[in-house]
Amino acid sequence: MRKLFAGLAAMAIAAFGAVEAKADKLQDILSKGVVRIGVPLDAPPFGSQDANRKPVGFDIELAEMVAKGLGVKLEMQQITGANRIPFLLTDKVDIVISVMGLSPERARQIQFTAPYANTFLAVYGAKSANVTSPETLGSNRVAAAKGTTQELAITESAPKANVMRTEDDATAAAAYITGQADLLATNSIVAQALAKQNPNKEFERKFVIRRSPAHMGVQMDQHNLVRWLDSFIFYASMNGELDRLHKKYLDMPMDPLPTL
């Protein structure tokens, strides 16, 4: 009988160990030799497509660096602001690198890494628009990609605001540029890129929603993976690679980043 219990215990320990190993996303990535990273293609300069429809941008190159650091093949998947977290929760991707801001609500669903880019969210519009705060939005129609930090923040701070919730950031930008919306809520770096691409459209900053550094995201229980990514971000900031990306895509040196 003792031998039987000992054998069952050994089997249970082995089975538990197998479940634990399978649940470790970092080891799974290394074993398979592939990392699945969700990236944006609707938020230049963080992610877009060039003339040949090749993904380009800050987050695209950062994803390539992460895969290289892991020593595995990169499998990129296009995501939007609305499906970044659902893609993680349903295991469609291992990591999200998509200029994602941290909030307490999101942190109940996924884990965030240390920040890799220092940006802020704001509302932009024509110089003639008399808007200086959420309380002064009035009847102005504000375009914002649904599920993004800016859309959620405006909804919370101005529940009666006339928000045009779009499927992605590109649609929100197009709505403002074509005059379907009076204002645009977006990331400060995205607004700069849009202003350069559309010199005949005014992108005056009306008010800042909040500071919003960009973080990578992983599934809630993947502590080994988030720890590795934190180490990667620290190393990339120390060897100048993050500063290079800031200068290349954001046209500015890397500001000191906050820590978690």
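For every chain, the first residue of the written sequence is number 1, and numbering continues from 1 onward in sequence order. Per-residue local features of the predicted model are confined to residues with pLDDT of at least 70, and side-chain atom pairs are confined, for both listing and counting, to 80 or more; whole-chain, interface and lining totals are unaffected and use all residues. Processing note: side-chain calculations cover all non-hydrogen atoms of the structure and skip hydrogens and water entirely.

The name that an unreviewed UniProt entry assigns to the protein is Transporter substrate-binding domain-containing protein, with the source organism given as Bosea vestrisii.

A look at the sheet that holds strand E10 (residues 183-187)
Backbone-to-backbone hydrogen bonds pair the strands of a sheet. The strands run either parallel or antiparallel. Filter applied, for reference: Two strands pair under a simple rule: DSSP has to find at least two bridges between them. Secondary structure elements follow DSSP: runs of H or I of four or more residues count as helices, runs of E of two or more count as strands, with numbering from the N terminus. Angles here are taken between N-to-C directions and fall from 0 to 180 degrees, while the axes themselves are lines fitted to C-alpha atoms, restricted in helices to the stretch in contact. Only heavy atoms matter for contacts: two residues are in contact if any of them lie within 4.5 Å across the pair.
One open sheet holds the 5 strands; their spatial order is E9-E8-E10-E7-E11, and the pairing between them is mixed. Looking at which strands have only one partner, the edges of the open sheet turn out to be strand E9 (162-166) and strand E11 (204-211). Each adjacent strand pair in this sheet contributes to an overall mean axis angle of 25°, direction not counted. Alignment of strand E8 (residues 141-145) against E9, held across 5 bridges, turns out to be parallel. Paired with Ala144 across the two strands is Arg165, which belongs to E9. Helix H7 (residues 188-197) contacts strand E7 (120-125) and E10 of the sheet and is inclined by roughly 120° relative to E10.

Describing helix H6 (residues 169-177)
Defined as follows: Partly exposed describes any residue whose relative accessible area lies between the buried limit of under 20% and the exposed limit of over 50%, with all areas from a 1.4 Å probe on protein chains only and scaled to the type maximum. Taken from the helix axis, the directions to the C-beta atoms give the arc we talk about. Identification of polar contacts relies on pairs of N or O atoms within 3.5 Å, with a donor-acceptor requirement for protein atoms, meaning one able to donate a hydrogen and the other able to accept it, and with residues adjacent in sequence counted only if both atoms are side-chain atoms.
Along H6, the residues that are buried comprise Asp169, Ala172, Ala173, Ala175 and Tyr176. Across the axial projection of H6, the buried residues extend over an arc of 160°, all falling on one side. Lining the buried residues of H6 we find E7, E8, helix H5 (149-157), E9, E10 and H7. You can read the cap of H6 off the contacts: a side-chain oxygen lies 3.3 Å from the backbone nitrogen of Ala170, and it is on Asp168. Gly179, located one to two residues past H6, shows a positive phi value of around 90°.

Digging into unusual backbone geometry
Peptide bonds are mostly trans, and most non-glycine residues show a negative phi. In this structure, the amide linkage connecting Pro44 to the following residue, Pro45, adopts the cis form with an omega of 5°. One can find Pro45 in the loop between strand E1 (34-40) and strand E2 (48-49). Despite not being glycine, Asp91 has its phi angle at roughly 60°, a positive value. Residue position: Asp91 is located in the loop between helix H4 (84-89) and strand E5 (95-100). By relative accessible area, which is 34% here, Asp91 ends up partly exposed. With a phi close to 35°, Val99 is a non-glycine residue in the positive phi region. Looking at the secondary structure, you find Val99 in strand E5.

Side note on H7
If you check which residues of H7 are buried, you get Ser188, Ile189, Val190, Ala191, Ala193 and Leu194. Turning to H7, the residues buried within the fold contact E7, H6 and E10. By the N-cap criterion, in which a side-chain oxygen at the helix start approaches the backbone nitrogen of a residue two or three places on, H7 is capped by Asn187, the distance to Ile189 being 2.8 Å.

Considering the packing of aromatic side chains
What counts, and what does not: The rule is short: rings of Phe, Tyr and Trp, with Trp giving its six-membered ring, pair when the centres are within 6.5 Å, and they are stacked under 30 degrees, edge-to-face over 60, tilted in between.
One pass over the full model with this rule turns up 5 aromatic pairs. Both rings, one in Phe46 and one in Phe58, keep their centres 5.6 Å apart while their planes meet at 50°; by these two values the pair is tilted. Placement of Phe46 in the loop between E1 and E2 and of Phe58 in helix H3 (residues 58-70) is noted, with a sequence separation of 12 residues between them. Across the pair, Phe58 and Phe46 agree in class, each one buried.

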